[in-house]
Every structure is written in C-alpha cells, then in structure tokens.
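So the chains spell out like this:
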Amino acid sequence: MNILLSHSSGEPIYWQIAGQIRSAILQGELAPGAALPSIRQLAKDLQISVITTKRAYDELEKEGLIDSVVGKGSFVSGGNQEFIREQQMKQLEKQIRELLDGCHSISVSTDQLIEWIRLLDQEGGK
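Nothing here was measured: the structure is a model prediction, and the numbers come from that model.

### Brief notes about the nonpolar core
1) Next: Judged by nonpolar contacts, the single largest core of 22 residues is most densely connected at I17, I21, I25, L30 and L36.
2) Next: Examining the composition of this core, we find that eight residues originate from one element, helix α1 (residues 13–26), more than from any other.
3) Next: Excluding residues that lie within four positions of it along the chain, L36 makes contacts with M1, I21, L30, Y57, I66, S74 and V76.

As structure tokens, this is what we get:
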C-alpha cells in the first residue's frame, strides 16, 4: 500500500491515512479480507507516531471499513457493503455534478448530455 502524506496540507496526518485507505477500499483496490499493514509497521514506514496510525485505523474501524483482531492485525471488512455502496454512490454523484458543470460551461444541455451518454453506452462505454 502506497500512502503519501503532506505535512503542508493542513489536514491531520491520521485523516490523510484514513482517507487514502478508505479510498482504496471504496474503489475496490483493497478487497474484503485483505490484510492491512500493522499499526507499528505503517508508523515505521511513514516515519510517524504509532498513535497517529492507531487513530487512523480506529477511524476506519468506527466506519465499519476494517476489522482489527488482537494478535492478528487489521483487515478490510466484508460486512459493511451497504456503507461502501453509499460512499461509492456519493463519489459518483460528485463526478456527475462536475460533468454537469463542465457541460453548462460550454452550453451543452442536459438533454444533449443524456443523448451523448446513451450513444457511448451503445458503443460499450469505449
């Protein structure tokens, strides 16, 4: 897992870690049951405090995205598919809003966009 941290972003480090792991789970890059690095190993790899990585994992566990098993480690949860689906829908909605904004900026109507989507769908989305 490749986690990139920015010390100048103003976003807390634990939140950056949780956000990147959350994204990997929601995008299917981390499948249910996949093992995450141990809290200590991730802290060592990122050269940060174990407390920071623990806080990130705790956040993900509260959201139901990961399960931690004492003595075994942390794993991507398979039990909260409804939450994962909701988050994926939110991401898709954001992308659609951006698409609509782009269309409006070049005077493409919603009807034209829908027709364009239908044509692309008929071509197999290529």
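### Brief notes about helix α3 (residues 50–62)
1) Next: The end-to-end C-alpha distance of α3, which contains 13 residues, comes to 18 Å, matching closely the 18 Å that a straight helix rising 1.5 Å per residue would cover.
2) Next: For α3, the complete set of buried residues consists of T53, A56, Y57, E59 and L60. Down the axis of α3, the smallest arc covering the buried residues is 155 degrees, so these residues share one side. Residues of α3 that are exposed and angled more than 90 degrees away from the buried face: I51 and K62.
3) Next: Those residues of α3 that are buried are in contact with α1, α2 (39–46), β1 (66–69) and β2 (73–76).
4) Next: The N-capping residue of α3, defined by a side-chain oxygen 3.0 Å from the backbone nitrogen of I51, is S49.
5) Next: Directly after α3, the chain includes G64, whose backbone phi takes a positive value near 80 degrees.

### Examining the packing of aromatic side chains
1) Next: Going through the model one piece at a time under the given rule, you end up with one aromatic pair.
2) Next: Look at Y14 and W15: their rings are 6.1 Å apart centre to centre, the planes differ by 75 degrees, and that puts the pair in the edge-to-face class.
3) Next: Cation over ring: R22 sits above W15, and NZ or CZ is 5.0 Å from the ring centre.
4) Next: Sitting over the ring of Y14, R55 keeps its end group 3.8 Å from the ring centre.

### A few points about the pattern of salt bridges
1) Next: For the structure shown, the criterion picks out three salt bridges.
2) Next: For E63, the salt bridge is made with R22, and the minimal N-O distance between the two is 2.7 Å. With a gap of 41 residues between them, E63 in the loop between α3 and β1 and R22 in helix α1 connect regions that are remote in the sequence.
3) Next: Classification of R22 by relative accessible area gives buried; the value is 13%.
4) Next: In this structure, R97 engages E93 in a salt bridge whose closest nitrogen and oxygen atoms are separated by 2.9 Å. With a gap of four residues between them, R97 and E93 both fall in helix α4 (residues 81–105), about one helical turn apart.
5) Next: Looking at E93, the relative accessible area reads 42%, which means it is partly exposed.

### A word on the domain arrangement of the protein
Accessible area lost during the coming together of the parts is what is often quoted as the interface size.
1) Next: Split into domains, the protein comes out as domain 1 (13–76) and domain 2 (81–123).
2) Next: Carbon and sulfur atoms make up 65% of the area that domain 1 and domain 2 hide from each other, which totals about 510 Å².
3) Next: Three residues, L26, E63 and L65, lead the burial of domain 1 against domain 2; their summed loss comes to 71% of the area buried on that side.
4) Next: Counting the contacts that link domain 1 with domain 2 gives zero salt bridges.
5) Next: Linking domain 1 with domain 2 are one residue pair in polar contact (both at pLDDT 80 or more), by the criterion used here.

About the cut-offs
Residues numbered from 1 in each chain as written. Predicted model: local features only at pLDDT ≥ 70, side-chain atom pairs only at ≥ 80, totals over all residues. Heavy atoms only, no water. Core = buried A, V, L, I, M, F, W, Y, C linked by side-chain atoms within 4.5 Å. Buried < 20%, exposed > 50% of the residue type's maximum accessible area, 1.4 Å probe, protein only. Helix = DSSP H or I, 4+ residues; strand = E, 2+ residues; numbered from the N terminus. Contact = heavy atoms within 4.5 Å. Expected span 1.5 Å × (residues − 1). Arc of directions from axis to C-beta. Polar contact = N/O pair within 3.5 Å; in protein donor to acceptor, adjacent residues only side chain to side chain. Phe/Tyr/Trp six-rings, centres within 6.5 Å; stacked < 30°, edge-to-face > 60°. Lys NZ or Arg CZ within 6 Å of the ring centre and 35° of its normal. Salt bridge = Lys/Arg side-chain N within 4 Å of Asp/Glu carboxyl O. Domains from an automatic or database assignment. Buried area = accessible area lost by both parts, 1.4 Å probe.

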